[in-house]
Amino acid sequence: MNVLVVNGPNLRRLGTREPEKYGTTTHDELAVLVTQWGADLQLEVEVRQSDDEADLVHWMHESVDAGWHVVLNPAAFTHYSYALRDACALVSAANLSLVEVHLTNPHARETFRHTSVISGVATGTIAGFGVEGYRLALEAVARRVG
C-alpha cells in the first residue's frame, strides 16, 4: 500500500525554525523516520515538501490517480487554502485515507490557527504530538486499509 506524505510551507525549515515549537528534527530526518515507520507497517511511503500551493494541489490529484493514501501537514495552508481543501476532498471521495497532521496543537495557539479548512474533508486529524504525529497517522492508515 502506497502512502504519500506531504508537507506544506516552511516545513523544509524544521529543526531550525522555532525549535521550541516544532522540535529539533530536520525535514530530512523526518523523511527518514517516516519512511522507516511506513516500512515497519508494510507501507510504501514517499515524502514530499513544497512551499507552493499548486504543488500540493497537484500531488493530491496525483494521489487520487495513483490510488495512494495521504498524510498531509498543510502548515499555513490549513487555514485558508480552499484550492487545497477541494483537492483533498477528491482524495476522500476516492475512498482513500487522508490524515491531516500538525506538529503543534493549532487550538492551543493563535486564534487564526483554530480553523482548518482541511479537517472537514479529512479522514482524521492528529495534532500536538510533534513528529510522532506522523507515526500515528501512518498507523491509522495501516489499520484502515489493512
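The structure this text deals with has already been given above.
Let me sum up the structure you'll find in this document. As the structure is a computational prediction, the values presented were derived from the model and not from experiment. (Residues numbered from 1 in each chain as written. Predicted model: local features only at pLDDT ≥ 70, side-chain atom pairs only at ≥ 80, totals over all residues. Heavy atoms only, no water.)

## Topic: the packing of aromatic side chains
Within this structure, the stated rule accounts for one aromatic pair. Ring centres 5.9 Å apart and planes at 75° place the aromatic pair Phe 77 and Tyr 80 in the edge-to-face group. (Phe/Tyr/Trp six-rings, centres within 6.5 Å; stacked < 30°, edge-to-face > 60°.)

## Focus on the packing of helix H3 (residues 53-66) against helix H4 (residues 82-93)
Running from N to C, H3 and H4 point in directions that differ by 10°, and their axes come no closer than 8 Å. The angle between the axes of H3 and H4 places the two elements in the roughly parallel class. Listed contacts from H4 to Glu 53, Leu 56, Val 57, Met 60, His 61, Ser 63 and Val 64 of H3 are Ala 83, Leu 84, Ala 87, Cys 88, Leu 90 and Val 91. Residue classes in the contact of H3 with H4 are distributed as ten nonpolar, two polar and one charged. (Axes fitted to C-alpha atoms, helices over the stretch in contact; angles between N-to-C directions. Helix = DSSP H or I, 4+ residues; strand = E, 2+ residues; numbered from the N terminus. Parallel < 35°, antiparallel > 145°, perpendicular 65-115°, else oblique. Contact = heavy atoms within 4.5 Å. Nonpolar A, V, L, I, M, F, W, Y, C, P; charged D, E, K, R; others polar.)

## Quick look at the layout of surface pockets
Considering only enclosed or pocket space, the largest pocket measures out at about 210 Å³ in volume. Looking at the largest pocket, it is lined by 16 residues, and the ones nearest its centre are Tyr 22, Ala 75, Ala 76, Arg 109 and Arg 113. Looking at the lining of the largest pocket, its residues break down into seven nonpolar, six polar and three charged. (1 Å grid on protein atoms, 1.4 Å probe; cavity = no way out; pocket = protein on both sides within 12 Å on 5 of 7 lines; lining within 4 Å. Points joined across faces, edges and corners; volume = space filled by probe spheres on them.)

## Points about H3
Helical geometry note: an α-helix holds 3.6 residues per turn, so side chains three or four residues apart project in the same direction. A rise of 1.5 Å per residue sets the reference length of H3, with its 14 residues, at 20 Å; its end C-alpha atoms lie 20 Å apart and thus fit the reference within 8%. Among all positions of H3, only Leu 56, Val 57, Trp 59, Met 60 and Ser 63 are buried. Taken around the axis of H3, the buried residues stretch over an arc of 160°, which confines them to a single face. Its buried side turned inward, H3 meets strand S1 (2-7), strand S2 (44-49), strand S3 (69-73), H4 and strand S4 (98-102). Where H3 begins, the side chain of Asp 52 points an oxygen toward the backbone nitrogen of Ala 54, at a separation of 2.8 Å. At the C-terminal side of H3, Gly 67 shows a positive phi close to 75°. (Expected span 1.5 Å × (residues − 1). Buried < 20%, exposed > 50% of the residue type's maximum accessible area, 1.4 Å probe, protein only. Arc of directions from axis to C-beta. Polar contact = N/O pair within 3.5 Å; in protein donor to acceptor, adjacent residues only side chain to side chain.)

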